[in-house]
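For reference, the chains in residue letters:
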Amino acid sequence: MRKRAIALIAVVVLAGAAIAAVPVIERHAAAGIKSEIERDGSAQVDDVSVGLFARRVTLVNLRSRSAAAELSIGRWEASGLAWPIGELLAGRTPLAGLGWGDPLSAGRVELEHVAIADRATGGRWSMDALVIEDFDLARYDATYDGTFQIAVLTARAMGVLAVRRLEQRNARVTLPGTGEVVGLASVVLEGYERGLIATLAMAGMDVASGEGQPAQFSVAETKAAKVDFGRIIAAMSSDKWSPGAPSGRIHIEKAKATGFGGELFKRYGISLGEVGFQTAHVRDKVSRTRTHIEGFVLAPPLRGLEGLSLRMALQSMGLKEVKADFDCHGTEDQGKGELTLDRCALVGPGLGEIELSARVVNADAVFWNALDESDVLALQDSTAALGAARLVVADKSLLERSLRAIATMTGQPAATLRANWAREVRRYQPAGVLISQSMTQLLDTISRFVEQGGTLVIEAKPEPPVGFDKLEYLLNPGADLVSTLGLKATLLK
């Protein structure tokens, strides 16, 4: 019993000594981290603290400067670090010198008052606060000697990053080249996995022409689900990437934006209810998309030169406001090799409707890859071709109202103006296009639409389908557009 008591006392004494030594060890680790960060002279930090039990590292007032960029962080704290304790005690951390390519895993990362300037592009980014939960950044290749280091290495980091939750407050981004400033009051992201976002919510977005300028455009709320920009990350991670190069398209399952405003909307008296986008995967290799714009209203105010001018133009047409909605449905069938614009409709109640549909056939792997990579030039190497297209223009009162407005401004009778318009359409001879009998008939049908109103239908049914390799011929002088595209116009009452 006595031996056990002595052993217990020894354990307690040793544990007490270890605990008493913790502050000394933490100060030693903090000094090692500070020394490592400032070792090459490109970075400075005012204070570093380490919490061994919480596996926490805190940096205060960190500044870094290089030929490519400038970075400043008021406070940086990572807790729950998954890093060997021996490495930490030796002053080696996952952020040794904040080097590109270093891995970092943490239960929680907090940043305050962050500012980054990219010297290569002239872009700047700042934010008041950022909180990330379950942050897991794997090691990645940081070898790069090009001009766009920040953009490329950031893309590589995003390609190996996983985050359970991210919340950002008051971010400001100055776009390179234009100097325009994009602001975001808050961003909440749930479930990020190497380019795929489970859910995203943004509030208080605005765009200004420059720092300190009023917002020209703003969106109160934007929500999205299953956003995949992996192709963009892959493209930007390449050593050969440069601004303007093909970077791929973003795949979005669902997105919606509401609460539009800004000086531009106020100036012209524009209001907008909602803009949305959805993608539904029907079956293997088949998906359908829908894009819609609801609640567009143009009601020019009685102030400002632009507002007054628009208000007078609408009044001359007998209108106080203009309303419109847009709805567009499309289908991708990669198994069948078809891309279909099922129906895109712009509807102005009481004014008119415009409806467009089209079908691309013989779409091969080159075509789909060109779409995914946003590489328009690559389409010329595809076998894809235009199989059919249809444009329907239904006049409800727009023609008559437009003629009435122009008649008021010019002092000419509306009937005379209508006759002159129709005559000009019949006489129209587009440069570089063969004026065949079929072309003359097409123009005559359009001119009768101007004279009578009704519904104008223009169809393209090329036989055989027109491939992208025919574009060069269609742009050459003397091209027979009507025969090649199989154009036909019909006027319906």
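The shown structure was predicted, so the numbers you read here are calculated from the model rather than taken from an experiment.

Side-chain pairing between opposite charges can occur once the charged atoms of the two side chains come close. Counted according to the given criterion, the structure contains 31 salt bridges. Taking the shortest distance from any N to any O, the salt bridge between E253 and K226 comes out at 3.8 Å. Here K226 lies in strand 9 (residues 215-228) and E253 lies in strand 10 (residues 251-261), a separation of 27 residues in the sequence. E253 sits in the partly exposed class, given a relative accessible area of 32%. Salt-bridge contacts for D372 lead to R249; the nearest nitrogen and oxygen are separated by 2.9 Å. A residue pair is termed long-range when its members are at least 10 positions apart, and D372 in helix 7 (residues 365-373) and R249 in the loop between helix 4 (230-236) and strand 10 qualify at 123 residues. Relative accessible area serves as the criterion here: at 23%, R249 is assigned to the partly exposed category. It is possible to trace a salt-bridge network through shared partners that takes in R75, E77, R108, E110, E112, E133, D134 and R164.

Right, let's get into the side chain of S287. Mapped onto the fold, S287 is located in strand 13 (residues 286-298). What S287 contacts, discounting residues up to four positions off in sequence, is T279, A280, H281, V282, G330, T331 and E332.

Another point: the confidence of the model for the protein chain. Mean pLDDT over the protein chain: 85, with 92% of residues reaching 70 or higher. The secondary-structure element of the protein chain with the lowest mean pLDDT is helix 2 (residues 85-89), recorded at 53, while strand 16 (residues 352-361) shows the highest, at 96. Low pLDDT (under 50) marks residues 1-20, which in the prediction has 0 contacts with non-local residues, meaning those over four places away or in another chain.

Considering the arrangement of structural elements, one finds T174 in strand 6 (residues 161-174). What T174 contacts, discounting residues up to four positions off in sequence, is G123, R124, G179, E180, V181 and E211.

What follows is about helix 7. Looking only at helix 7, the buried set comprises F367, W368, A370 and D372. Looking at the buried side of helix 7, the elements it contacts are helix 4, strand 10, strand 14 (322-333), strand 15 (338-348) and strand 16. Looking at the residues trailing helix 7, positive phi occurs at S374, about 55°.

Looking now at unusual backbone geometry. The linkage connecting E463 with the following residue, P464, adopts the cis geometry, with an omega of 0°. Structurally, P464 can be placed in the loop between strand 18 (455-460) and strand 19 (466-467). Of note in the backbone geometry, N362 takes a positive phi value of approximately 60° without being a glycine. In this fold, N362 is placed in the loop between strand 16 and helix 7. Classification of N362 by relative accessible area gives partly exposed; the value is 46%.

Evaluated as defined, the whole model comprises 6 aromatic pairs. When the ring of F217 is compared with that of F265, the centres are 5.8 Å apart and the planes differ by 55°; the resulting orientation is tilted. Taken together, the residues span a long stretch of sequence, with F217 in strand 9 and F265 in helix 5 (residues 263-268) at a distance of 48 residues. When its relative accessible area of 26% is taken as the criterion, F217 is described as partly exposed. On the basis of relative accessible area, F265 is assigned to the buried category, the value being 12%. Here the aromatic residues F217, F260 and F265 are joined through ring pairs into a cluster of three or more.

Cut-offs used in this document
Residues numbered from 1 in each chain as written. Predicted model: local features only at pLDDT ≥ 70, side-chain atom pairs only at ≥ 80, totals over all residues. Heavy atoms only, no water. Salt bridge = Lys/Arg side-chain N within 4 Å of Asp/Glu carboxyl O. Helix = DSSP H or I, 4+ residues; strand = E, 2+ residues; numbered from the N terminus. Buried < 20%, exposed > 50% of the residue type's maximum accessible area, 1.4 Å probe, protein only. Contact = heavy atoms within 4.5 Å. pLDDT = per-residue confidence, 0-100. Phe/Tyr/Trp six-rings, centres within 6.5 Å; stacked < 30°, edge-to-face > 60°.

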